[in-house]
Amino acid sequence: MLESAGVVLVGGRSSRMGRSKADLDWHGSTMLRRVTGLLQRGVDGPLIVVRAPGQSLPGLPPGVEVVDDPAEGRGPLQGLAVGLAVLQGRARSAFVCATDLPLLHPAFVRRVTRDAGLADVVLPVVGGHRQPLAASYATSLAGAAARLVSEDRLKVGFLFDEATVVRLDEPQLLADPALSAVDPGLASVSGANTVEEYDALHAQPEPEVTVELSGALVAGGLDRGRHTVRASTLGSAAASVSVHLDRHVLAAVNGDQASRDPEFPLVRGDLVTLMSAGAGG
Amino acid sequence: MADSSPGGYFGRALVIDVSDGSTRVLPLPERVLREHLGGVGLGTWLLTELGPPGVDPLAPEAPIAFVFSPLVGTPLTTSAKFAVVAKSPLTGLLTDALASSHFALSGKLTGHDALVLVGRAAGPTTVAVRGGQVELSDARAEWGASSAQAEASVRARLGGGWQVASIGPAGERGVRYATLSHDGRHAGRGGLGAVLGSKNVKAVAVHATTKVAPADAPGVLAAARDLRTRSLGRATSKVRELGTMANVLAYNALSTLPTRNFSEAVFEGAAALAAEELASAHAVTRASCASCSIGCSHLYRDKGGRSVRMEYQNVSSLGSMCGVSDPEAVLAASSRCDDLGIDTISAGGTIAWAMECAERGLIDAAWLRFGSGAALLRALDEIGTGTGLGPLLSLGSRAAAEVVGGDSLTFAAQVKGLELPGYEPRTMHAMALGMAVNARGADHNRSGAYDADLSGELDRLRGGDAHVRGAVESEDRAAVMDSMILCSFLRGVFDEPFAEWAVLLSLVTGWDVDADELRTTAQRIVLAKRAYNLREGWTPEDDWLPERFLETDLTLASGRTTSLTPQRLRSMILGYYAARGLDGSGRPPSVQT
């Protein structure tokens, strides 16, 4: 069984935003596409999106599973219960987050899920606030979460009373050099609940990433050296060095994923290597 | 063309007993040709028909087949290729390898779709085939020479118009991963050179005596023009401009460059071995096989001024796998492999395994350490001369591990005895499956499942159903391309491969072939190889990867840890069996255990 999976809760009413947060633009992509992609980069298991019944969603990365809340408007605990239930037997724990965390960094996800073996819940505490929708939950909590929903005890906090919980405060989180190097302000948990919050986050400079070219792309006359650019997506990073992501081009991000998806989300510190597609030899 | 044969075929194979030079013509019915095409497909059929069950691969009665294809001799780019098929002394199972160039053209135009050698000559021998005439001649003058030297010598002796395929000293000595070469191209994998050497055959020479016509010559010419144009597009730009060496930096960036016997997947010395660097420091020239418009071969000059043909697999096996980042050492090692006539992948893989054994104290060889170019070259020399560790390393890593014992088999990077090529299975799960289940062993030619891993359309670190589909599709495509035969570097230029290949095959043969028929043919060829292996002792445990890949995690440059668990691999293998119509133990339902 895999250690960590991911769950994105997208079925909320977005009442304070006034429109679906999932569909909001994020530098040429959408909030949901970005958050699911970021979470995929941080976990090693399946990724589940839990939506309201029949809710229309923007495009998602390959491999993401979509499941429905059984009822609308029952809050995040219901979505958490559904997501964890789908993952039972497939992963020991899941990082669960909402769709309004566009600055979520995979390094934050990895730091939190690293402690998943220590307790049922790994709960970050940032700025004095608990972050239950940027936390790790054992999939074995699915039953307890479902029971709480059936009892109309809909706050996620009720689940903590029935589980072992490890809290990670800011010093503990930032003691991880991999995280502190790329997200020293713990902006990963910055939510966009209102239009004003969204506008403020959106107005921040896009993440600084490094782009390098290899193979025939260099032989084709482009500059091989490393380029520091600001880009939120792979497509934007490639365009900044005059490369169009078509079937003849492939990108490696930090030696991790191989992609040519223009909406593949980038974060601060990423190294993007663009190369000619076509393996073999 | 024989009167009753379809276009592109002669409808017969020539079986040559090298013990006495006697021959017999084996008719190849049209049904057999249509069902197996040529190349590795027809070769598998021939080996099944002519090879005694359970035969020792190095016994006189074990056949070795040089198999041509319907496309050979047409103007279709990259079609001048031939397959060599035999039972492998390295794996004990089927092996098939392709080589290129004029031998394919002249061999086919002897008037045969295949030449099959059986028997054992009394002493070093050259087999010369001209039409239906076969002449055996003394090859003592060439014995001990490199394949390139032997090729030149035999051609000089026989005169103009002859094309020669030869083995090097390693084939004579029975090194289990010895190659068979022609014009600098090698039928490299599985020890075909040792099979030929066991027959005391140093070289096979062929001379064209006839012609073969396609069914629709104008149609083939038009298709050839179109294919040539497409072969010069972006789909092949990587191999044209930098050759397969372009993969070095790319695969390093993807955490899939095997390093120090697969203990890591990122090599700190990769930049020094990359095409981008070598091209500037070692003047490079390009070369093409006969009838090829791509020209993937890139030749570098070593410090002695000698040209060395370098491929990605040379660099990954002799460079990063052995921890050697000195380009001069890797160039010299590649050149040494060519001179000896050994497969660079198995040589590098076996030496890297031995380096790890030495560092763990399992082999008493203080000189043999990762990172030492001198040790790499000494190990190759000992393989070539049969001195020191040579006899042990000549066995390949699996058999050598059985000699050395301890836990050395767990880190021998091989499948079915064939060493892994330059792809890290833990970061390429479709390729991991492909290497586990392929008939030839850990194979990157008959299974190009890396295409799926690097398609950007699936998560290469989370193998599942999509990876199974990718591996099956890759095997099917390779089965057709390797049987028609077209170079695998062309595969990116086809938008609808099976349909387009069906058109080409129909133009050449006159058959009314469609994509569905070719897909069925592909499945038939893949299963025919499996059936041959079953007959020769394959067991379900052979479709598996070594412990190293299943018990040890890898840390990627991103900081993410990845693994390939036994459960995930087992799940993919079962998915593969189901897709192939096999039972849960990998056997056709009709085969009883």
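Residues numbered from 1 in each chain as written. Chains lettered and ligands numbered in written order. Predicted model: local features only at pLDDT ≥ 70, side-chain atom pairs only at ≥ 80, totals over all residues. Heavy atoms only, no water.

## Let's talk about the interface of chain B and chain A
Chain B puts 42 residues into the contact, and the matching count from chain A is 35 residues. Taken together, both faces of the contact between chain B and chain A bury some 3,000 Å²; the carbon and sulfur share is 48%. Close ionic contact of arginine 234 of chain B with aspartate 246 of chain A constitutes a salt bridge, the shortest N to O distance being 2.5 Å. The tally of links from chain B across to chain A stands at 13 residue pairs in polar contact (both at pLDDT 80 or more). Those elements that provide at least two residues to the side of chain B that touches chain A are helix 8 (237-241), helix 9 (247-253), helix 11 (275-281), helix 12 (312-319) and helix 19 (450-453) of chain B. Looking at the side of chain B that touches chain A element by element, the count peaks at five residues for helix 9 of chain B. (Contact = heavy atoms within 4.5 Å. Buried area = accessible area lost by both parts, 1.4 Å probe. Salt bridge = Lys/Arg side-chain N within 4 Å of Asp/Glu carboxyl O. Polar contact = N/O pair within 3.5 Å; in protein donor to acceptor, adjacent residues only side chain to side chain. Helix = DSSP H or I, 4+ residues; strand = E, 2+ residues; numbered from the N terminus.)

## Things to note about the nonpolar core
All names here are of chain B. Among the nonpolar cores identified, the biggest contains 161 residues, and Leu46, Ile342 and Trp353 are the most heavily contacted of them. Per-element accounting of this core gives the leading share, eight residues, to helix 14 (residues 344-359). When sequence neighbours within four positions are dropped, the list of residues in contact with leucine 46 reads Ala13, Leu26, Leu28, Gly51, Ala65, Val67, Ala114 and Val116. Within the second largest apolar cluster, 32 residues are counted, among which are Val18, Phe66, Leu105 and Ala187. (Core = buried A, V, L, I, M, F, W, Y, C linked by side-chain atoms within 4.5 Å. Buried < 20%, exposed > 50% of the residue type's maximum accessible area, 1.4 Å probe, protein only.)

## Examining helix 17 (residues 397-404) of chain B
Note: α-helices contain 3.6 residues per turn, so residues at a spacing of three or four share the same orientation. All names here are of chain B. Buried within helix 17 we find Ser397, Ala399, Ala400 and Ala401. Buried-residue contacts for helix 17 involve helix 14, helix 16 (390-393), strand 16 (414-415) and strand 17 (418-419). Once helix 17 ends, the next one or two residues include glycine 405, with phi positive near 75°.

## Digging into the domain arrangement of chain B
Residues and elements named next belong to chain B. According to the domain assignment, chain B contains domain 1 (12-207), domain 2 (232-419) and domain 3 (425-579). Distance from the C-alpha centre of domain 1 to the C-alpha centre of domain 3: 27 Å. In this complex, domain 1 contributes 39 residues to the contact, which on the side of domain 3 involves 32 residues. When domain 1 packs against domain 3, the two sides together hide about 3,100 Å² of surface, and 63% of this comes from carbon and sulfur. Area buried by domain 1 at its contact with domain 3 is led by Arg34, Leu37 and Leu93, which between them contribute 22% of it. At the boundary of domain 1 with domain 3, the tally comes to five salt bridges. Connecting domain 1 to domain 3 are 20 residue pairs in polar contact (both at pLDDT 80 or more). For the side of domain 1 that touches domain 3, the secondary-structure elements that each account for two or more residues are helix 1 (30-36), helix 2 (39-50), strand 4 (81-87) and strand 5 (94-100). Per-element tally for the side of domain 1 that touches domain 3: the top contributor is helix 2, with six residues. Looking at the side of domain 1 that touches domain 3 residue by residue, the class counts come to 16 nonpolar, 16 polar and seven charged. (Domains from an automatic or database assignment. Nonpolar A, V, L, I, M, F, W, Y, C, P; charged D, E, K, R; others polar.)

## Digging into the packing of aromatic side chains
Residues and elements named next belong to chain B. Counted by the stated rule, this structure contains 14 aromatic pairs over all chains. Their ring planes at 80° and their centres at 5.1 Å tell us that tyrosine 251 and tyrosine 312 sit as a pair that is edge-to-face. With tyrosine 251 in helix 9 and tyrosine 312 in helix 12, this residue pair connects regions lying 61 residues apart in the sequence. You'll find tyrosine 251 and tyrosine 312 in the same group, each marked buried. Ring geometry for phenylalanine 494 versus tryptophan 501: centroids 5.7 Å apart, planes at 80°, classification edge-to-face. Given a relative accessible area of 5%, phenylalanine 494 falls into the buried group. Take tryptophan 501: its relative accessible area is 1%, and that puts it in the buried class. We note arginine 378 situated over the ring of tryptophan 367; from NZ or CZ to the ring centre the distance is 4.0 Å. (Phe/Tyr/Trp six-rings, centres within 6.5 Å; stacked < 30°, edge-to-face > 60°. Lys NZ or Arg CZ within 6 Å of the ring centre and 35° of its normal.)

## A few points about the domain arrangement of chain A
Note on interface size: it is often stated as the accessible area lost on association of the parts. Residue and element names in this part refer to chain A. Assigned domains within chain A: domain 1 (2-198) and domain 2 (208-276). Distance from the C-alpha centre of domain 1 to the C-alpha centre of domain 2: 28 Å. Across the contact, 16 residues belong to domain 1 and 13 residues belong to domain 2. When the two sides are added together, the surface that domain 1 and domain 2 hide from each other amounts to roughly 1,100 Å², 48% of it contributed by carbon and sulfur. When the buried surface of domain 1 facing domain 2 is broken down by residue, Arg33, Arg34 and Arg41 rank first, second and third, together holding 52% of it.

## Some details on the packing of helix 14 of chain B against helix 15 (residues 373-385) of chain B
Residues and elements named next belong to chain B. In the contact formed by helix 14 and helix 15, the axes pass within 11 Å of each other and the chain directions differ by 115°. As the angle between them shows, helix 14 and helix 15 are arranged roughly perpendicular. Considering how the two elements wind past one another, helix 14 and helix 15 form a crossing that is right-handed. Touching Ala347, Ile351 and Met355 of helix 14 are Ala375, Leu376, Ala379, Leu380 and Ile383, all from helix 15. Taken together, the residues of the contact of helix 14 with helix 15 sort by class into eight nonpolar, no polar and no charged. (Axes fitted to C-alpha atoms, helices over the stretch in contact; angles between N-to-C directions. Parallel < 35°, antiparallel > 145°, perpendicular 65-115°, else oblique. Left-handed = near helix turned anticlockwise from the far one by under 90°.)

## Some details on the sheet that holds strand 1 (residues 12-17) of chain B
All names here are of chain B. Judged by pairing direction, the sheet is mixed, and its six strands sit side by side in the order 2-1-6-3-4-5 without closing on themselves. Since the sheet does not close on itself, it has two edges, and those belong to strand 2 (22-27) and strand 5, each with one partner. Strand-to-strand twist across the sheet, computed as the mean angle between neighbouring axes with direction ignored, equals 20°. Bridge count for strand 1 against strand 6 (residues 114-118) is five bridges, and the pairing is parallel. Directly across from aspartate 17, in strand 6, lies its bridge partner valine 118. (Pairing = 2+ DSSP bridges.)

## Some remarks on unusual backbone geometry
All names here are of chain B. A cis amide bond links methionine 484 to the next residue, isoleucine 485, at an omega of 0°. Topologically, isoleucine 485 is positioned in the loop between helix 20 (465-484) and helix 21 (497-509). With phi around 55°, serine 255 is a residue other than glycine that occupies positive phi space. When you line up the elements, serine 255 lands in the loop between helix 9 and helix 10 (270-273). The exposure class assigned to serine 255 is buried, which follows from its relative accessible area of 1%.

## A look at the side chain of threonine 350 of chain B
All names here are of chain B. With respect to the helices and strands, the residue threonine 350 is situated in helix 14. Within the structure, threonine 350 has its side chain in polar contact with the backbone nitrogen of serine 397 (distance 3.4 Å). Leaving out residues up to four positions away in the same chain, threonine 350 has contacts with Tyr177, Leu393, Gly396, Ser397 and Glu419.

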